[in-house]
Amino acid sequence: MTVITVDGVTRRFGDVTALDDVSLDVAPGELVGMLGPNGAGKTTLLSLISGQRRPDVGTVRLLGGDPRDAATRVGLGITPQETGLPPTLRVGEVVDFVGGHFPDPVPSAELLEQFGLTDKTRKQTGSLSGGQKRRLAVALSLVGRPRVVLLDEPTTGLDVTARQALWDAIRQYHAGGGTVLLTSHYLEEVQALAERVVVIDHGVVRADDSLDGILSRVGLRRVSVRTTADLTSWSGVSRGEHRGDGVQELYTPDADALVRALVTSGVEFSDLQIRGASLEEAFAEMVADDNPLEGAGR
Amino acid sequence: MTTAPAAPTQAPPSGTLNPVVLTWLHLKFQFLETVRIPIAVLGNMLFPSLAMFFFVVPQSQVAQNPLAATMAVAGLSLFAVCSASLFTYGLGVAEDRQLPFDPFVRSLPAGPAPRMIARILNGAIFALFGLVPLIVIGWLFTAASVTLLELLTGIGVILAASVPFVLLGMAVGYSLSAKAALPVVQVVLFPLAFAGGLFLPPMMFPSWLDTLSQVTPTRAGRDLLVQALTGADAYAWAWPVLLGWTAVFATLAVVAYRRDEGRRFR
């Protein structure tokens, strides 16, 4: 069975098509990273899966049920946006309130201990720092011992240590058999956590593959070279830029052919480096309007 | 939306908790949230008391006439409860919907009922707080008089009469943005209060207005309240009118909640 099934879903807000015929299946125990620029439709997709909105076309199933059915959501955990915690309630009270909706919640003290918030139990949420609010938000998604959690930008605005601590908590939950669907603009985060990456842009799924698959599918190599000749418009270069120090960075599906052409052309060059594209670069390639994935794929 | 039955290989999701437990949970935390902002609680208690001092106490032919004074207290009490209900729910719900915590709460495994019922109960609790100073002023500064039994019956009636206004407030709150909800609530509240005889007793109405008045929920609530406090019989249709509006507004509130998907997008 699948934990999340999104089948041919379209959702419009007035003239804006937030999601256009999106399909996505998530199996139990998967950790899926959803990547896309702001306004790509990630949050809209999460709101459909958590039953806050209904699709205009298509169906969304959660744990085999309709997510708009409250009973289906007993197995679901989501994070509130950190800015949205009720400011006058104490930390312990918010945890009790959210946990009170589930048949077998993690005891508040235990949960706050796990997220390092024990000494904040009696503090109003309005007095927490941004990092503490983020930790509380992720803690709230796990209080009901969910079978699946949706994490929307779980570590936005956190420093490195705090981010690592949250990643550990997410990995720990996943290791215990939980299913995770997370969104992020942090490519590093998706690279660190996810086994499978879904790239979404302008409401369309641009790619859905394993992390390695995404990288190899785009198949771009980054060639950097110092030269006075302009190589960015050479054939075989899908994208290139001049760096300030005279070095050009060129992205090409076939680095061997490019280097061969460079050598035979007799152009003076130095500092030649070749490496595989990072996820960030692959991602930029995939969401570039004038450069659809099919063109770059090999 | 149709819900296909879960495939047999899938464990069916366990159901939500008992709705009574969930309602109690929401009530507890809504009460805490309200009471942590003391000015909201105090404002609720101050407004009706000030209205008593300005409009009832100085007019001796009202204040010193037991029946008239009791009716005046009844009218203002009901106005206080209606206004608190419409503003708390119309405006409060609209404002809540704009908070990012609201979609989160809606995604928790509880249907709309526990939260709505908790809102009604929470509103009733704070409406009762608002009545306390009004009763004390009526008792100390006017000739209004009731027996303990009449007082308790009156409180029961006023709570029942507040239900349609709470539901109407919710219908407004779930349909409109906070900015739009405010004028709508005002436009609804004041004509209803005048037409229902909460400011001027309906005996002073021309007969066409008196007839019109009898189909309003405010008039039905006021007459039932006056009946409970003074024994003056309400008109025969008072209960059906009140219950009818309650059913209408309950439907509107549920429809508005269902249609609402959090913040409006343009």
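These numbers were taken from a predicted model, which means no experiment stands behind them.

What counts, and at which threshold
- Residues numbered from 1 in each chain as written.
- Chains lettered and ligands numbered in written order.
- Predicted model: local features only at pLDDT ≥ 70, side-chain atom pairs only at ≥ 80, totals over all residues.
- Helix = DSSP H or I, 4+ residues; strand = E, 2+ residues; numbered from the N terminus.
- Rg over C-alpha atoms; globule rule 2.2 N^0.38 Å.
- Buried ≥ 20, exposed ≤ 12 C-beta atoms within 10 Å, placed from the backbone.
- Contact = placed C-beta atoms within 7 Å.
- Nonpolar A, V, L, I, M, F, W, Y, C, P; charged D, E, K, R; others polar.
- Pairing = 2+ DSSP bridges.
- Axes fitted to C-alpha atoms, helices over the stretch in contact; angles between N-to-C directions.
- Parallel < 35°, antiparallel > 145°, perpendicular 65-115°, else oblique.
- Left-handed = near helix turned anticlockwise from the far one by under 90°.
- Core = buried A, V, L, I, M, F, W, Y, C linked by C-beta atoms within 7 Å.
- Expected span 1.5 Å × (residues − 1).
- pLDDT = per-residue confidence, 0-100.
- Right-handed = clockwise from strand over helix to strand, strands pointing away.

### A look at the overall build of chain B
Each helix and strand counted, chain B has 11 helices and 0 strands in total. In chain B, the succession of α and β elements from N to C terminus is α-α-α-α-α-α-α-α-α-α-α. Against the globule reference of 18 Å for 266 residues, chain B gives a C-alpha radius of gyration of 20 Å, in line with a compact fold. Principal-axis analysis of the C-alpha atoms gives chain B an extent of 75 × 40 × 40 Å. Across the 266 residues in chain B, those meeting the buried criterion constitute 43%. In chain B, of all internal contacts separated by at least 6 residues, the share reaching a separation of at least 24 is 80%.

### Comments concerning the interface of chain B and chain A
The partner chain A presents 37 residues to the 33 residues of chain B that form the contact. Of all the secondary structure elements, the ones that give two or more residues to the side of chain B that touches chain A are helix 1 (19-35) and helix 5 (101-107) of chain B. Of the residues assigned to the side of chain B that touches chain A, the class counts are 19 nonpolar, 9 polar and 5 charged.

### Thoughts on the sheet that holds strand 9 (residues 204-210) of chain A
All names here are of chain A. Strand order in the open sheet formed by 6 strands is 5-6-7-3-8-9, with mixed pairing between adjacent strands. The sheet is open, and its two borders are formed by strand 5 (76-78) and strand 9, each paired with just one other strand. Going across the sheet, the axis of each strand differs from the next one's by a mean of 15°, ignoring polarity. Across the sheet, helix 4 (residues 130-142) touches strand 5 and strand 6 (148-152), and the angle it forms with strand 6 is around 160°.

### Thoughts on the sheet that holds strand 10 (residues 221-226) of chain A
Residue and element names in this part refer to chain A. Spatial strand order, 11-12-10-13: 4 strands in an open sheet with antiparallel pairing. Of all the strands in the sheet, the pair left with one neighbour each is strand 11 (239-242) and strand 13 (270-276). Along the sheet, successive strands turn relative to each other by an average axial angle of 15°, direction set aside. As judged from the 5 bridges shared by strand 10 and strand 13, these two strands associate in the antiparallel manner. Note on strand 13: the bridge partner recorded for Ser 224 is Gln 273.

### Let's talk about the packing of helix 4 (residues 66-98) of chain B against helix 10 (residues 217-230) of chain B
Residues and elements named next belong to chain B. Two elements in contact, helix 4 and helix 10, have axes separated by 9 Å at closest approach and are oriented at 135°. The orientation of helix 4 relative to helix 10 falls into the category oblique. Read as a crossing pair, helix 4 and helix 10 show a hand that is right-handed. Residue-level inspection shows Leu 67, Thr 70, Met 71, Ala 74, Gly 75, Leu 78 and Cys 82 of helix 4 in contact with helix 10, the latter providing Thr 218, Gly 221, Arg 222, Leu 225, Val 226, Leu 229 and Thr 230. In terms of residue class, the contact of helix 4 with helix 10 is built from 8 nonpolar, 5 polar and 1 charged.

### Some thoughts on the nonpolar core
Grouped together as the largest cluster of nonpolar side chains are 70 residues, with contacts concentrated most on Ile 4, Ile 49, Val 95 and Ala 139 of chain A. For Val 95 of chain A, the residues in contact, after removing those within four places along its chain, are Ser 108, Leu 111, Leu 112, Ala 139, Leu 140 and Val 143 of chain A.

### What about helix 4 of chain B?
The end-to-end C-alpha distance of helix 4 of chain B is 47 Å, a good match for the 48 Å that 33 residues give at a rise of 1.5 Å each. When you tally the buried positions in helix 4 of chain B, you get 27 out of 33 residues, the bulk of the element.

### Some details on unusual backbone geometry
Residue and element names in this part refer to chain A. Here the phi dihedral of Asp 21 falls at roughly 55°; this positive angle occurs in a residue that is not glycine. Tracing the chain through its elements places Asp 21 in strand 2 (residues 16-26). Here Glu 153, not a glycine, exhibits a phi torsion of approximately 50°, which is positive. Relative to the helices and strands, Glu 153 resides in the loop between strand 6 and helix 5 (160-175).

### Topic: the confidence of the model for chain A
Residue and element names in this part refer to chain A. Confidence along chain A averages 85 in pLDDT terms, with 91% of residues attaining 70 or more. No element of chain A has a lower mean pLDDT than helix 10 (residues 293-296), which averages 38, and none a higher one than helix 2 (residues 91-99), which averages 93. For the stretch residues 290-298, pLDDT sits under 50, and the model shows 16 contacts to residues farther than four places along the chain or on other chains.

### So, the packing of helix 4 of chain B against helix 7 (residues 148-175) of chain B
All names here are of chain B. Two elements in contact, helix 4 and helix 7, have axes separated by 7 Å at closest approach and are oriented at 25°. Between helix 4 and helix 7, the interaxial angle falls into the category roughly parallel. Handedness of the crossing formed by helix 4 with helix 7: right-handed. Residues belonging to the contact of helix 4 with helix 7 are distributed by class as follows: 16 nonpolar, 8 polar and no charged.

### Concerning the pairing of strand 7 (residues 179-184) of chain A
All names here are of chain A. Most of strand 7 is tucked away, with 6 of its 6 residues classed as buried. Side chains Thr 179, Leu 181 and Thr 183 of strand 7 all project onto a buried face; the interleaved residues Val 180, Leu 182 and Ser 184 project onto the opposite face, where all are buried too. Bridge analysis of strand 3 (residues 31-35) against strand 7 gives 5 bridges, and the strand direction is parallel. The residue of strand 7 that forms the bridge with Val 32 is Leu 181. Two elements, strand 6 and strand 7, share 5 bridges in a ladder whose sense is parallel. Following the sheet pairing, Leu 151 is matched in strand 7 by Leu 182. Crossover handedness for the path strand 6 to helix 5 to strand 7: right-handed.

### Focus on the environment of Gly 197 of chain B
All names here are of chain B. Of note, Gly 197 is situated in the loop between helix 8 (178-195) and helix 9 (207-213). In this structure Gly 197 comes out as buried when scored by C-beta crowding, with 26 C-beta atoms within 10 Å. Ignoring sequence-local partners within four residues, the contact set of Gly 197 consists of Gly 75, Pro 202, Ser 213, Arg 219 and Arg 222.

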